[in-house]
Amino acid sequence: MATAVASPDLTSPEYQNLENSSRTSDQHKSKYLVGSWFDLIFICNLYWPLILLIDGWGGLRAHESLLFWQVFFVTTPHRWITLFLVFGDREKYAQGINKYLIVTLLIVGSMSLLWLSVGSLLCLMAVDYVWNAWHFAAQHHGIYRIYSRGQSSNYSIWPRCEKWLYRSFILYAIARVAGWSWSNEQTSEWLFQLDYLMLAIPVLIVMRQWIASIGHRWAETWTGALYTTSVMTLFSCLLLAVHIHSEKLVIQLALASALFHAVEYLAIVSWSMQSTRVVKRKDLFGYVGSRWIGYLVVFVIVLGAGAWAMEHGAVKLWAAINLMVAFLHYSFDGMIWKKPRQAKVL
């Protein structure tokens, strides 16, 4: 995800709009975005190994229960809430809502035509897998950039290299989860060797983050190093599970990564919506922001229950609608969180 928020134009999948945050300078210097427990549980998601243990020890019943809550009450709300960030924000209309409407019409129109003409969602699901993989990588790197702000010089080449290393590793791990990468023996043989090379990336990134934290304002940066360690450990385990062909472990880790991704997104949105700048606004956004936790709880419960009902009453229709919202979520995230271009100084 992104960086600090100035408005619902929070930050982009690149999440680097730190300079425009409405937070105070003291908040910028804090090692936490919100607070110790909030950051460690909802952003760093340090509980994910516990999810893995529950999934492993609880058997099929525990896995199905975790999957139920993850799909309906975490993943689904985190996608749909992006629509509110766009169409519920009066500032978006002032800045120009047309681009969002055009994207909506293109996605909904093209997907509807394809579904009605072909009668299947398989090709769209393939697109969703690829696009979602990029979305995962961009979001995790964005939150990493929030925590590591101020540690690198603007003239250093390392942040750009690190950006692509960070994203490439997550993309590679997600690509390896797909069956094609380990069902073919010839393909598996050379990917088996490539796995070792790719696993060096998280080691490099995590080590550098901790070294930078120790040598550069430790009190302000260790939480970021912890976040990086948590993310990279999860995706390293996922890649290793594929590497040893442990299908059960892959499924369990995939569920943990989906929870991690959606929970941190809702946490960053919550952090943004409760910012001073948003809460002080005299419009719908400000009203909801000042009562955010209550509205978020109601939103999650109502949407989750509605999604469950639709899943049992109109499976194909719900699958199509959910895919459309997913594509809108990916698209809008690349727009509302994106760092605005800075005018060149002449």
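These remarks concern the structure in this document. (Residues numbered from 1 in each chain as written. Predicted model: local features only at pLDDT ≥ 70, side-chain atom pairs only at ≥ 80, totals over all residues. Heavy atoms only, no water.)

Another point: the overall build of the protein. From N to C terminus, the protein includes 15 helices and zero strands. Expressed as a percentage of its 346 residues, the buried residues of the protein come to 51%. Counting contacts in the protein only where the partners sit at least 6 residues apart, residues at least 24 apart contribute 76% of the total. For the protein, the accessible surface area stands at approximately 17000 Å², while carbon and sulfur atoms represent 68% of it. (Helix = DSSP H or I, 4+ residues; strand = E, 2+ residues; numbered from the N terminus. Buried < 20%, exposed > 50% of the residue type's maximum accessible area, 1.4 Å probe, protein only. Contact = heavy atoms within 4.5 Å. Areas by Shrake-Rupley, 256 points an atom, 1.4 Å probe, with all protein chains shown as cover.)

Right, let's talk about the packing of aromatic side chains for a bit. As enumerated under the stated definition, the model contains 19 aromatic pairs in all. Ring plane angle 40° and centroid distance 6.2 Å describe the contact between Phe327 and Tyr330, whose orientation is recorded as tilted. On the criterion of helical spacing, the pair formed by Phe327 and Tyr330 is a turn pair, its members being three residues apart in helix H15 (residues 315–336). For the residue pair Phe327 and Tyr330, the accessibility class agrees, reading buried in each case. (Phe/Tyr/Trp six-rings, centres within 6.5 Å; stacked < 30°, edge-to-face > 60°.)

Moving on to unusual backbone geometry. With phi around 50°, Asn45 is a residue other than glycine that occupies positive phi space. You can see Asn45 is positioned in the loop between helix H2 (36–43) and helix H3 (48–87). Here Asn45 falls in the buried class, since its relative accessible area comes to 0%. Unlike most non-glycine residues, His245 shows phi in positive territory, near 60°. Positionally, His245 belongs in the loop between helix H10 (218–243) and helix H11 (247–273). The class for His245 is partly exposed, based on a relative accessible area of 43%.

Turning next to helix H5 (residues 98–118). Counted at 1.5 Å a residue, the expected span for H5 with its 21 residues is 30 Å, and the 30 Å between its end C-alpha atoms agrees. Buried within H5 we find Tyr100, Val103, Thr104, Ile107 and Met111. With its buried residues spanning 100° around the axis, H5 presents them on a single face. Every exposed residue of H5 that faces more than 90 degrees away from the buried side is listed here: Asn98, Leu105, Leu106, Leu113, Leu116 and Ser117. Buried residues along H5 sit in contact with H3, helix H4 (90–96), helix H6 (122–147) and H15. (Expected span 1.5 Å × (residues − 1). Arc of directions from axis to C-beta.)

Before going further, it helps to examine H11. Helical geometry: 3.6 residues make up each α-helical turn, so side chains three or four residues apart lie on a common side. Here H11 contains 27 residues, and its C-alpha end-to-end distance of 39 Å stays within 8% of the 39 Å for a straight helix at 1.5 Å per residue. Of all 27 residues in H11, 22 are buried; the element is thus mostly enclosed.

Okay, the packing of H5 against H15 next. Put simply, H5 and H15 touch, their axes get as near as 10 Å, and they point 150° apart. Classed by the angle they form, the pair H5 and H15 counts as roughly antiparallel. The handedness of the crossing between H5 and H15 comes out as right-handed. Along its contact with H5, which presents Lys99, Tyr100, Val103, Thr104, Ile107, Val108, Met111, Ser112 and Trp115, the element H15 presents Lys316, Leu317, Ala320, Leu323, Met324, Phe327, Leu328, Ser331, Phe332, Met335 and Ile336. Partitioning the contact of H5 with H15 into residue classes produces 15 nonpolar, three polar and two charged. (Axes fitted to C-alpha atoms, helices over the stretch in contact; angles between N-to-C directions. Parallel < 35°, antiparallel > 145°, perpendicular 65-115°, else oblique. Left-handed = near helix turned anticlockwise from the far one by under 90°. Nonpolar A, V, L, I, M, F, W, Y, C, P; charged D, E, K, R; others polar.)

Let us now look at the pattern of salt bridges. In this structure the tally under the stated criterion is seven salt bridges. One salt bridge in this structure joins Asp89 and Arg281, with 2.6 Å as the shortest N-O distance. Of this pair, Asp89 sits in the loop between H3 and H4 while Arg281 is found in the loop between helix H12 (276–279) and helix H13 (284–290), placing the two residues 192 residues apart along the sequence. Both residues of the pair, Asp89 and Arg281, count as buried. The closest approach of N and O atoms between Glu91 and Arg281, which form a salt bridge, is 3.7 Å. With Glu91 in helix H4 and Arg281 in the loop between H12 and H13, the pair connects residues that are 190 residues apart, well separated along the chain. A relative accessible area of 22% places Glu91 in the partly exposed class. (Salt bridge = Lys/Arg side-chain N within 4 Å of Asp/Glu carboxyl O.)

Turning our eyes to something else, we now look at the side chain of Thr223. Position of Thr223 among the secondary structure elements: in helix H10. What makes Thr223 buried here is its relative accessible area of 0%. Thr223 has contacts with Lys31, Tyr32, Asp39, Leu40, Cys44 and Tyr147, leaving out every residue within four places of it along the chain.

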